[in-house]
Amino acid sequence: MVQGTNGRRGNLPCASTSFVGRQREIAAIGALLSRERLVTLTGAGGIGKSRLARHAGVLQASDFPDGVWLVELSPLREASSIALCIYEALQLADQSAQPAVQVVAEWLEGRKLLLLLDCCEHLHQQVAAVAEELLTASPGLRILATSRRPLESAQEYVLPVPPLPLGSVPGAGEGPDGSAVELFMDRARTAAPGLIEAGRDDEDVAYICSRLGGIPLAIELAAAQLPEMDLNHLRWALCTRLRTLTSPNSVQDTNEQRHLSLHTTIGWSHELCAPLERLLWARVSVFSGGFDEEAAEWVCGAAPLQGERIEPLLAALVGKSIVQRVTTPRGPRYHLLDTVREYGQEWLGELGEAPATAERHRDYYRWLARVGNREWAGPDQVGWYDRLTTEYANVCLALENCLASPAPGIALEMAGDLWFFWAGCGYIREGRGYLERSLAAATNQPPGDERFWALWALGIVAVTQGDFTRVEVVEDQCLLLAEQLGAPKAITAARFLTGARWSATGRPAQAVALLEEILGPADGVGKPFAVHLLALGMKTFALLQTGDFTLAAQSAEQLRKECEDRGEQWMRSFALYYLSVAAMADDNAARAALHARASLAIRWRINDTFGAALALDALAPALVAPDPDQAALVIGLVDALWASIGRSRMGSPELLSAREACETLTRRAIGDDAYTAAYRKSAQSDIDTGISYTLSLRAPD
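Not measured: the values here are computed from a predicted model.

Describe the overall build of the protein chain, with residues and values.
Check the secondary structure of the protein chain and you find 33 helices and seven strands. Viewed in the frame of its principal axes, the protein chain has a C-alpha envelope of about 85 × 65 × 45 Å. Out of the 701 residues in the protein chain, the part that is buried amounts to 54%. Considering only residue pairs separated by 6 or more positions, the protein chain has 72% of its internal contacts joining residues 24 or more positions apart. Working note: accessible area of the protein chain is about 28500 Å², and carbon and sulfur atoms make up 52% of it.

Quick one: what's the story with the packing of helix α18 (residues 408-417) against helix α21 (residues 449-465), residue by residue and with numbers?
With their axes 8 Å apart at the nearest point, α18 and α21 run at an angle of 45° to one another. Here α18 lies oblique to α21, going by the angle between them. Crossing angle aside, the handedness with which α18 passes α21 is left-handed. Contacts between α18 and α21 involve G409, L412, E413 and G416 on the former and, on the latter, E450, R451, W453, A454 and A457. Classifying every residue of the contact of α18 with α21 gives four nonpolar, two polar and three charged.

Please set out the side chain of S599 residue by residue, giving values where relevant.
As for its placement among the helices and strands, S599 is situated in helix α28 (residues 589-605). In this structure the side chain of S599 is engaged in a polar contact, spanning 2.9 Å, whose partner is the backbone oxygen of S573. Among residues more than four places away in sequence, those in contact with S599 are S573, L576, Y577 and A615.

How would you explain the nonpolar core if you had to name every residue and give the values?
Ranked by size, the top nonpolar core spans 190 residues in total, and within it F184, L418, W419, F421, F452, W456 and F496 carry the most contacts. In this structure, F184 is in contact with I196, V205, I208, C209, I219, A222, A223, L226, L231 and L234, ignoring residues within four places of it in sequence. Formed by 36 residues, the second largest nonpolar core is a distinct cluster that contains W69, L73, I86 and L117.

I'd like a rundown of helix α14 (residues 338-351), residues and numbers included.
For α14, which comprises 14 residues, the first-to-last C-alpha distance of 20 Å matches the rise-based estimate of 20 Å (1.5 Å per residue) to within 8%. Residues of α14 that are buried: T339, V340, R341, Y343, G344 and L348. Positive backbone phi, approximately 75°, marks G352, located one or two places after α14.

Could you give me a rundown of helix α1 (residues 23-33), with the residues and numbers involved?
All of the buried residues along α1 are E25, I26, I29, G30, L32 and L33. All buried residues of α1 project into a common sector of 165° when viewed along the axis, lining one side. Away from its buried face, by an angle of more than 90 degrees, α1 presents the exposed residues Q23 and R24. As for α1, its buried residues are in contact with β1 (38-42), α2 (49-60), β3 (113-118), β4 (141-147) and β5 (156-160).

Reading the values: rules and limits
- Residues numbered from 1 in each chain as written.
- Predicted model: local features only at pLDDT ≥ 70, side-chain atom pairs only at ≥ 80, totals over all residues.
- Heavy atoms only, no water.
- Helix = DSSP H or I, 4+ residues; strand = E, 2+ residues; numbered from the N terminus.
- Buried < 20%, exposed > 50% of the residue type's maximum accessible area, 1.4 Å probe, protein only.
- Contact = heavy atoms within 4.5 Å.
- Areas by Shrake-Rupley, 256 points an atom, 1.4 Å probe, with all protein chains shown as cover.
- Axes fitted to C-alpha atoms, helices over the stretch in contact; angles between N-to-C directions.
- Parallel < 35°, antiparallel > 145°, perpendicular 65-115°, else oblique.
- Left-handed = near helix turned anticlockwise from the far one by under 90°.
- Nonpolar A, V, L, I, M, F, W, Y, C, P; charged D, E, K, R; others polar.
- Polar contact = N/O pair within 3.5 Å; in protein donor to acceptor, adjacent residues only side chain to side chain.
- Core = buried A, V, L, I, M, F, W, Y, C linked by side-chain atoms within 4.5 Å.
- Expected span 1.5 Å × (residues − 1).
- Arc of directions from axis to C-beta.

That's the geometry; what it means functionally is another story.
Put into C-alpha cells, the structure is as follows:
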C-alpha cells in the first residue's frame, strides 16, 4: 500500500473550509454518473472544479461500494506516469513487473467505484487513453475528471462549471441564488470576524462579487484582504484595478473575461503583499505537493530571505489566502492552489530565479535521501517512512531535475540512496523506473560508488518484483564493478543478490551457505548495515524453506534482537513473521499468534499491505485450535486484503495450499454455517477496522 490506511473504501481528504453552493451542479453530477461512464468538469482555473468534484464524490460515496478515489494529476510531467499515479492512489500492492495500467485494470475488474481524476488539462489526451482502457476493463467503473479543457474522449460527457451565481445584484441578471455572496460572507467571517454586518454591507459585498465574476478563488482572495482594509476600501481598490486593466470593450469572450478577472485579482493580491512576501510566494512555487518549514528555509532561504524570516512570512501569506496551511503530526504543512502556484512560477521566471531555486530544491531532496539512507535502519524508521511518503511528489520532482542536469551522477546517487524508499515504503515500480533511467543517463560516466549502489538498489527492486532474470544480470554487473572498485562491502552487497536469487528460485541450501559466508559483524550504518540485516533475513527465509525450523528460529531471533538493538522496525517485522512460522511448525500456536500479531502491527503502521497479508496468513492457523471463530474472521479479512492487492497470495502454491488447509480445519471445528457467516462478515467489513480489531484480540491460551 502506498499511502494511508483507510479501509480501501476511498481516499478523499477532509475539506479545510466549508463548501458553499453548487446545488445544481451536484444534482447534475449525480444524475450523469448514474448513466455516463466518464464525466469531465471543465472551466477556467479558480472556478472551483476540484472542490466541486471532491464534494460530489463524498455525496456519491454510497453508490460506490468499492470506494471513491482521488487521483491528483497536477504534479505529473510525464504521460507514462498516469497509470502509475492511479495505481498509487488506489493503494495497490502488486509488486510484479507487469505494467501499472494492466495491474490497475485487473484490480478494477468486477468492482464498482468512482475515480476522481483531478487536473487533467496538461495531459488530457493521454489521460483519455488511460481512462478508456480502464473503463473497458471494468463495467462498474465511473470516472469524474476535472480539466480546463475536455479530454476529447469518445465516451466523455462534458459538464462546464460556471461561476457562482451572484444573486439579486442590480444589472447582474441572476436569480435568487446568491452563492457568490454567501461564499464571500463565509470567508470574511473567518478572515475578519465582526467586520461585515448583514443588511448594512449587502450592496458592497454584492458589487464586489459581481465585479469578480462569481469566481470562487477570486472571491476568497478578496475576502482574505479584509484584515488589512475595510469593506469600502476593498471595493474601491479592487474595482479600480479591474476597471483599469479590463475595460468593458477590451475583451468580448466571457471565459476570457473570467480568466482576466481571476488573473487580475491574483495580481492585485500580489501587489498588496510586502516585497519579501512576494519573493517567498515566487520561490515556494517550486514545490510540488506541498512543503514544510524546513524545506522552505532550505530552498527559499537565499538572500535576502534569511532562514529566520521564512516562518513569519509564511504566516503572512497564509493570512492572505495565498498559501494554504494544514496541521500534520510533523507540524504545519503548506501548499499553493494550482492557479496561485502558476502565478508564482511566472513571477519566479521574471525574476530570473527559476534555475537557482530548482537547483536548491533538487539539493534539499538529494540531502534528504542521503540522510534517510543513513538513518533508515534506526529508531526513527517509521518517521522516515511518514516523511518521505508525504514528500513523494517533491522527491519525484527532484529526481526529474537530477535527470535533466548535466551531471547524471547526481541522479545515480539520489536514486541509489532512496533504495529503502523504493523497497521499504511500497514504491517498487517508481523506484525501478528512476533507477533504470538514471543508469541509462549515466552510461558514459566513469564507474564509481554511485553507479554500484544504484545497480544494487535496482537488484533489490527486481528481487521484490520476482524478476530474477533481471536480478541475475544486475548481480553480475554489481560484482564486476565492486571488484573493480576494490570495495569489500560492495562485494558483500553484490553477493547478497545472488543469495537472494538462489533462495527465491529453489536453491535454499546453497543460499544458506552463501549468506552465512558473507554475514559478518553488524557494523556501520546506511547501506552496509542494511545489507547485513537483509542477508540475515534472507538466510532465515532459506532455512525455513529447507525445513530446518530450529535453525530458522535461531536465525530469526538473532535478526529480531539486532533490529531491536538499533530500533529498526521493517526487518524486525520480517523476523517476527519468520518466528511465527517456525513456532507453528513446532506446534506452539500461542507463540505463533503472538509473533504474527506483532509483525502485523508493524506492517500495517508502515502501510505494507503485502507484509500485513503474510502476517494474517500466519495468524489464522495459529487461532484454529484455541479459537476457531477468530480464525474464520481472520481468513475472511486476509482474503479481502489479498483481493485488494490483486493477486491472491502472489500465486504461491505453498501459501495457497496453507490457506485451504486452514479453512478445512476451521470449518471442521465450528461447522460450515458458522464458518460461512463469520467469513462473510469479515470479508465484507472495512479492512482497516478489521485489522484494528484483530490486533486488539487477546492472545490464545
